[in-house]
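# Descriptive structure summary
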Amino acid sequence: MRQGGDVLANLDHLDHLVLAGPDLAGAVAWFAELTGVEPAPGGRHEGLGTANHLVDLGGGAYLEIIGPDPEQPEPDRPRPFGIDDLTAPRIVTWAISTADIDALVTEARDGGYDPGRPAAMSRRTTDGELLEWRLTQPRFDYGDGLVPFVIDWGATAHPTTRALPAAPLLAFSGRHPDPASVRPALIALGADLHLDIGELVALTAVVQGADGPVTL
């Protein structure tokens, strides 16, 4: 069971949450001020113009805080996760893990949802280690981030095998004006995210901060 708290028993395959911001240092400082937990530098995504910091959420899952990398030139395409259009940090999407991404993609397509073709990705850690994985690209045209993308770490050790500051995940849910329109994709992926009805589409996480629960 990959979870940070008992309330997450339905999120067996949670890999990580993506908290993106228009300024990486600002997003990291925002999280640290809210939680009392200082995220650890993760590394940079060469060519994408982004870098990240990480926090262990417990149960083999983590939080990725991602934003523009000031040490890289402007990329020749938009940064991932809609970073270029953000005005403040927020959770924009999430990922589920699998040991066989091709099989899961086929299953999802058979179930009526196409998560897209898996692509190879990598990042260089601050100590120079190259991490490599395969993932499907997030589809913000379907569920606006509520439907997770899929990641397969292959032979690369999962980020949570390294020492990371911890802010255990206590709850994770989403809201949408019409949750029924999103659930078929979640079911096809085997991702049973709890959805409430709300005027605006959003993902919400509650983590254990240094002084108690904090809502992101």
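With that settled, consider the overall build of the protein. Secondary structure assignment for the protein yields three helices and 12 strands. In the protein, buried positions account for 50% of the 216 residues. Across the protein, every contact between residues at least 6 apart in sequence was considered, and the portion connecting residues at least 24 apart equals 66%. Within the structure as shown, the protein displays about 10100 Å² of accessible surface, and the carbon and sulfur contribution to it stands at 51%.

Right, let's talk about the nonpolar core for a bit. Counting residues in hydrophobic clusters, the biggest one holds 41 residues, and the most contacted among them are L17, L63, W94 and L189. In this structure, L17 is in contact with L57, Y62, L63, E64, I91, T93, W94, L169, F172 and A205, ignoring residues within four places of it in sequence.

Moving on to the packing of aromatic side chains. Under the defined criterion, the tally for this structure stands at four aromatic pairs. An angle of 40° between the planes, with centres 6.0 Å apart, marks the rings of F81 and F149 as tilted. With F81 in the loop between β4 (61–68) and β5 (90–97) and F149 in strand β8 (residues 149–152), this pair connects stretches of sequence that are 68 residues apart. Owing to a relative accessible area of 15%, F81 belongs among the buried residues under this scheme.

So, about the layout of surface pockets. In this structure, the largest pocket encloses a volume near 440 Å³. Along the wall of the largest pocket there are 24 residues; nearest its centre are L48, P80, F81, M121 and Q137. Residue assignment for the lining of the largest pocket shows that the elements contributing at least two residues are β3 (50–58), β4, β6 (119–125), β7 (130–135) and β8. Its residues assigned to classes, the lining of the largest pocket shows 15 nonpolar, five polar and four charged. Computed from the structure, the second largest pocket encloses a volume of approximately 250 Å³. Elements with a contribution of two residues or more to the lining of the second largest pocket: α1 (24–35), β2 (40–45), β3 and β6. Among the elements that line the lining of the second largest pocket, the one with the most residues is β2, at four residues.

With that settled, consider the sheet that holds β3. Strands sit in the order β1-β4-β3-β2-β6-β7-β8-β5 around a closed barrel of eight strands; the barrel is mixed. Geometrically, the sheet is characterised by an average inter-axis angle of 35° between neighbouring strands, direction not taken into account. In the sheet, β2 pairs with β6 via two bridges, with the strands oriented antiparallel. Residue G43 lies in a different strand from β6, and its bridge partner there is T125. Set on the sheet, α1 makes contact with β1 (14–20), β3 and β4; between it and β4 the angle comes to about 140°. Against the sheet, helix α2 (residues 101–110) contacts β7 and β8, and its axis sits at roughly 155° relative to β8.

With that settled, consider the confidence of the model for the protein. When pLDDT is averaged across the protein, the result is 92; 94% of the residues are at 70 or more. Note on residues 1–10: pLDDT is under 50 here. Beyond four places in sequence and across chains, it has 29 contacts.

What follows deals with the side chain of D69. The residue D69 is located in the loop between β4 and β5 in this model. On the basis of relative accessibility, which here comes to 5%, the residue D69 falls in the buried class. One polar contact links D69 to R44, side chain to side chain, over a distance of 2.8 Å. Here D69 is in contact with R44, G49, T50 and A51, once residues within four sequence places are set aside.

Moving on, we come to the side chain of H45. Note on placement: H45 falls in strand β2. Among all residues touching H45, those that are not within four sequence positions of it are T50, A51, N52, E64, I66, Q72, S122, R123 and W133.

The rules we used
Residues numbered from 1 in each chain as written. Predicted model: local features only at pLDDT ≥ 70, side-chain atom pairs only at ≥ 80, totals over all residues. Heavy atoms only, no water. Helix = DSSP H or I, 4+ residues; strand = E, 2+ residues; numbered from the N terminus. Buried < 20%, exposed > 50% of the residue type's maximum accessible area, 1.4 Å probe, protein only. Contact = heavy atoms within 4.5 Å. Areas by Shrake-Rupley, 256 points an atom, 1.4 Å probe, with all protein chains shown as cover. Core = buried A, V, L, I, M, F, W, Y, C linked by side-chain atoms within 4.5 Å. Phe/Tyr/Trp six-rings, centres within 6.5 Å; stacked < 30°, edge-to-face > 60°. 1 Å grid on protein atoms, 1.4 Å probe; cavity = no way out; pocket = protein on both sides within 12 Å on 5 of 7 lines; lining within 4 Å. Points joined across faces, edges and corners; volume = space filled by probe spheres on them. Nonpolar A, V, L, I, M, F, W, Y, C, P; charged D, E, K, R; others polar. Pairing = 2+ DSSP bridges. Axes fitted to C-alpha atoms, helices over the stretch in contact; angles between N-to-C directions. pLDDT = per-residue confidence, 0-100. Polar contact = N/O pair within 3.5 Å; in protein donor to acceptor, adjacent residues only side chain to side chain.

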